[in-house]
Amino acid sequence: MRAEATGGDEASLVRDERATAVQCYASRQNPPLVFVDGSGCELLDVNGRRYLDFTAQMASACLGHRHPGLIGALRDRLDGVLVGPAYIHPERVRLASRLIEVSGRRFARVYFGVTGSDAVEASLKFARKRAGRWKVISHWNGYHGSTLGALSAHGVAAARQPYEPLLAGFVHVPPPDLRHGDGIPDTNTEQAVARVRNVLEREGPDQIAAFITEPILVGGGMIIPTDSYLAGLRSLCDEFGILLVYDEVVTGMGRTGRMFGFEHAGVVPDMLVLGKGLTAGSQALSAVLVRREADPFAGWTSADPTHLHTLAGNALGCAAGLATIAAIESEGLVENARLRGLELISGLRAALRDQVRVLDVRGRGLLVGVELDPRDEDPKSLERRATLAVRELGVLVQGNSGPHALLVLHPPLTISAPEIARAVGAISDSLGRLG
Ligand SMILES: Cc1ncc(COP(=O)(O)O)c(C=O)c1O
């Protein structure tokens, strides 16, 4: 920890934040938390209390807090000139080639953005331009971001409804859920793929530009589609000339125990959207990796339309991206995510086996959900009570009350075995007291 950790007046920070900054997610934390320092997987609040950060700040801080390599790279680049999108700077060129390398050269071009949401938007614009079609298919309960196009693909009804009507031509199919209302696992992949085919045929495949999905539906309840479901989507897209877009804003950059989530099923999408962990949460930077056959700007001439954000691919962000990939590789963090993830899942399954409030523990790598049984309680209220109970024992987890009441765990990829054991103990103790 930094010795000179900032003190500060918690009450006035909270009051001013609510009055001015309107950070709606922070305001939902009750009581609110003010963090002033930390290192590795630990955070220190304004009152000097330590927490294990099993949120990695919305799954972005994949290298943990105050990672020396990341700090060094940012410090070095901070002293450089500011180069916008009209000119070339070395970091952008190098990061694009590194991304192509680490994705096994399955993609040919990289388009940079600023946030996960604008990269999702870009992928959908690219698909429209490339395919000369306009409709977009996605899953109910899929999470794709906050801007209007991304929100139109988004499948969480509560997030969509306040902003409706959303964009035309966005159509949703049922999520490939592991269980239906009766709790019976949906192993009938063929049936699920047939449901999608049915929607595509009804919508008119020759109008459909893209199918966008996360390889694991995280915000939608940690739904892990079967490999054959994803393969089924790929062949439907091939059959109908639809571009398959994977939103790997959460699952990318080692999170699932592979560099990218698509590697598990071996289904290669036409476009891959990255954000969050791309800079280990340190800078606003996102990217769309595009296969050569799907490139909307192949043979680009200056008369062609373009796609532009002034700060997309900014040098500091790209320097952070390069440092993140270097740390992931040199510290073996993809393998660490796989091994620690296995420990986390098996540890939680064993510790929570007899807890009546726990329905399921599922996940892949360091992306894990603990599904709770709401019984007669509102799932949102249960999720908040549980999140708070875990936090009281010194572990930060994210709650999710979409279709399921869920605790979502995605710690930094640098997490150690003792830290996993500590979190398992705290989660088990706190859920045991839920009532
Ligand atoms: C799967 C997924 N896609 C896109 C986004 C949007 O990213 P951002 O919040 O950086 O706009 C998120 C954000 O949580 C996400 O989880």
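Analysis parameters
Residues numbered from 1 in each chain as written. Predicted model: local features only at pLDDT ≥ 70, side-chain atom pairs only at ≥ 80, totals over all residues. Heavy atoms only, no water. Pairing = 2+ DSSP bridges. Helix = DSSP H or I, 4+ residues; strand = E, 2+ residues; numbered from the N terminus. Axes fitted to C-alpha atoms, helices over the stretch in contact; angles between N-to-C directions. Contact = heavy atoms within 4.5 Å. Buried < 20%, exposed > 50% of the residue type's maximum accessible area, 1.4 Å probe, protein only. Arc of directions from axis to C-beta. Core = buried A, V, L, I, M, F, W, Y, C linked by side-chain atoms within 4.5 Å. Near = heavy atom within 4 Å. Polar contact = N/O pair within 3.5 Å; in protein donor to acceptor, adjacent residues only side chain to side chain. Areas by Shrake-Rupley, 256 points an atom, 1.4 Å probe, with all protein chains shown as cover. Nonpolar A, V, L, I, M, F, W, Y, C, P; charged D, E, K, R; others polar.

Caption draft 1: Structural context of the sheet that holds strand 12 (residues 368–372). Here we have four strands laid out as an open sheet, ordered 11-12-15-14, and antiparallel in their pairing. Of all the strands in the sheet, just strand 11 (358–363) and strand 14 (398–400) have a single pairing partner and so form its edges. On average, each strand axis in the sheet is tilted by 25 degrees relative to the strand beside it, whichever way the strands run. Bridging between strand 14 and strand 15 (residues 405–409) involves three bridges; their strand directions are antiparallel. Its bridge partner being in strand 15, Gln 398 is matched across the sheet by Val 408. Across the sheet, helix 13 (residues 333–352) is in contact with strand 11, strand 12 and strand 15; its angle to strand 11 comes to roughly 170 degrees.

Caption draft 2: Spatial organisation of helix 4 (residues 68–78). Listing the buried residues of helix 4 in full gives Leu 70, Ala 73, Leu 74 and Arg 77. Seen end-on, helix 4 carries its buried residues on one side only, within an arc spanning 95 degrees. Facing away from the buried side of helix 4 by more than 90 degrees, the exposed set consists of Pro 68, Arg 75 and Asp 76.

Caption draft 3: A look at the nonpolar core. Of all hydrophobic cores here, the largest spans 86 residues; its most connected members are Phe 54, Leu 99, Leu 348 and Leu 431. With residues near it in sequence (within four places) discarded, Leu 348 still touches Arg 353, Val 361, Val 368, Val 370, Leu 409, Val 424 and Ile 427. In this structure, Tyr 111, Phe 126, Ala 153 and Leu 243 belong to the second largest nonpolar core, which totals 23 residues.

Caption draft 4: Summary view of the site of the ligand. The environment of the ligand is formed by Thr 115, Gly 116, Ser 117, Tyr 143, His 144, Gly 145, Glu 214, Asp 247, Val 249, Val 250 and Lys 276. Asp 247 places a polar side-chain atom, nitrogen or oxygen, 2.7 Å from a nitrogen atom of the ligand. At a separation of 2.9 Å, an oxygen atom of the ligand approaches a polar side-chain atom of Lys 276. For the ligand, whose free accessible area comes to 390 Å², the fraction covered by protein is 80%. The residue inventory of the shell around the ligand, partitioned by class, reads three nonpolar, five polar and three charged.

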